[in-house]
Amino acid sequence: MTPKPDRSDMANPRNLAWIDIYEHTLSKGLQGGSTVGTFVGLPYALYKGPRALPNIIGRTGRAAFWGGAIGFSLMAPVTYLALKDQDDYAMFDRAYRLRHNLLQQRCNQFGAFSCCVFAAIAPFIKIPGVTLMWRIGYGSYLGTAVGVAVHVATAGMVKEE
């Protein structure tokens with residue numbers, strides 16, 4: 001018989017702080033990677049190949065997708081290395097500040113909303129050689145990048161309390 005795992009520290013705030021910080025860094029890696037991929041992929045898409053709108057959207061969406069995937073996958077080890085020597089108070093304090101920062105919440109809301117909107121629109125855009133699921137994926141990553149760009153462009157208009 002295998003022994004039951006020790007779960008005596010499950011209510012420890014440090015565990016919850018790790019979850020909050022990882023959630024934040026992984027979402028920022030996805031948002032940042034897809035934004036960089038979009039703004040690097042768009043000039044390339046305009047330069048390379050046919051300049052029809054579906055082809056440009058397809059190439060830019062592919063760049064946003066791979067940028068987001070790379071950003072997401074790099075953030076887990078980077079976060080671990082940054083936080084492995086932190087004490088409980090520093091972890092909890094960082095998680096608390098992330099949870100209550102209005103600009104962070106606004107950026108996440110803009111990214112999530114535009115991700116959903118673009119994913120809903122994406123099935124109706126016929127991209128040559130791209131299946132429905134990839135179109136939805138490309139649309140969601142492009143939407144995330146657009147939402148983050150809109151947030152950054154309008155963040156100066158918001159007063160943080």
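Because the structure is predicted, anything quoted here is derived from the model rather than measured. (Residues numbered from 1 in each chain as written. Predicted model: local features only at pLDDT ≥ 70, side-chain atom pairs only at ≥ 80, totals over all residues. Heavy atoms only, no water.)

Novice: Which residues make up the overall build of the protein, and what are the values?
Specialist: Each helix and strand counted, the protein has 5 helices and 0 strands in total. Counting helices and strands in the order they occur from the N terminus, the protein gives α-α-α-α-α. Long-range contacts, defined as pairs at least 24 residues apart, comprise 79% of the intrachain contacts of the protein with a sequence gap of at least 6. A total accessible area of about 10300 Å² is found for the protein, and carbon and sulfur atoms account for 69% of it. (Helix = DSSP H or I, 4+ residues; strand = E, 2+ residues; numbered from the N terminus. Contact = heavy atoms within 4.5 Å. Areas by Shrake-Rupley, 256 points an atom, 1.4 Å probe, with all protein chains shown as cover.)

Novice: How would you explain the nonpolar core if you had to name every residue and give the values?
Specialist: Within the largest apolar cluster, 8 residues are counted, these being Ala-17, Trp-18, Ile-21, Tyr-22, Leu-83, Met-91, Ala-95 and Leu-98. Listing elements by their share of this core, those giving two or more residues are helix H1 (13-47) and helix H3 (88-99). Looking at this core element by element, the count peaks at 4 residues for H1. With sequence-adjacent residues up to four places away left out, Leu-98 is seen in contact with Ile-21, His-24 and Gln-104. Judged by nonpolar contacts, the second largest core, of 7 residues, contains Phe-65, Ile-127, Tyr-141 and Leu-142. (Core = buried A, V, L, I, M, F, W, Y, C linked by side-chain atoms within 4.5 Å. Buried < 20%, exposed > 50% of the residue type's maximum accessible area, 1.4 Å probe, protein only.)

Novice: If you had to explain the pattern of salt bridges to someone new, which residues and values would you point to?
Specialist: Summed over all chains, the structure comprises 2 salt bridges. In this structure, Asp-20 and Arg-99 form a salt bridge, with 2.3 Å as the shortest nitrogen-oxygen distance. Of this pair, Asp-20 sits in helix H1 while Arg-99 sits in helix H3; the two residues are 79 residues apart in sequence, bridging distant segments of the chain. With relative accessibility at 39%, the residue Arg-99 sits in the partly exposed group. (Salt bridge = Lys/Arg side-chain N within 4 Å of Asp/Glu carboxyl O.)

Novice: Can you lay out the packing of helix H2 (residues 53-83) against helix H5 (residues 132-154) for me, pointing to particular residues and giving the numbers?
Specialist: It is the contact of H2 with H5, at a shortest axis distance of 8 Å, that shows an interaxial angle of 70°. Classified by the interaxial angle, the pair formed by H2 and H5 is roughly perpendicular. Note on element contacts: H5 touches H2 through Trp-134, Tyr-138, Tyr-141 and Leu-142, opposite Ile-57, Gly-58, Thr-60, Gly-61, Arg-62, Ala-64, Phe-65, Gly-68 and Ala-69. For the contact of H2 with H5, the residue count by class is 8 nonpolar, 4 polar and 1 charged. (Axes fitted to C-alpha atoms, helices over the stretch in contact; angles between N-to-C directions. Parallel < 35°, antiparallel > 145°, perpendicular 65-115°, else oblique. Nonpolar A, V, L, I, M, F, W, Y, C, P; charged D, E, K, R; others polar.)

Novice: Describe the packing of aromatic side chains, naming the residues involved and giving the relevant values.
Specialist: Taken as a whole and judged by the stated rule, the model has 7 aromatic pairs. Ring geometry for Trp-18 versus Tyr-22: centroids 5.5 Å apart, planes at 20°, classification stacked. Taken together, the residues Trp-18 and Tyr-22, both in helix H1 and 4 residues apart, mark about one turn of the helix. In this structure Tyr-22 comes out as buried when scored by relative accessible area, which is 18%. On the basis of an interplanar angle of 45° and a centroid distance of 6.5 Å, the ring pair of Trp-18 and Tyr-80 is categorised as tilted. Of this pair, Trp-18 sits in helix H1 while Tyr-80 is found in helix H2, placing the two residues 62 residues apart along the sequence. A relative accessible area of 44% places Tyr-80 in the partly exposed class. Cluster of aromatic residues (ring-pair linked, three or more members): Phe-65, Trp-66, Trp-134, Tyr-138 and Tyr-141. (Phe/Tyr/Trp six-rings, centres within 6.5 Å; stacked < 30°, edge-to-face > 60°.)

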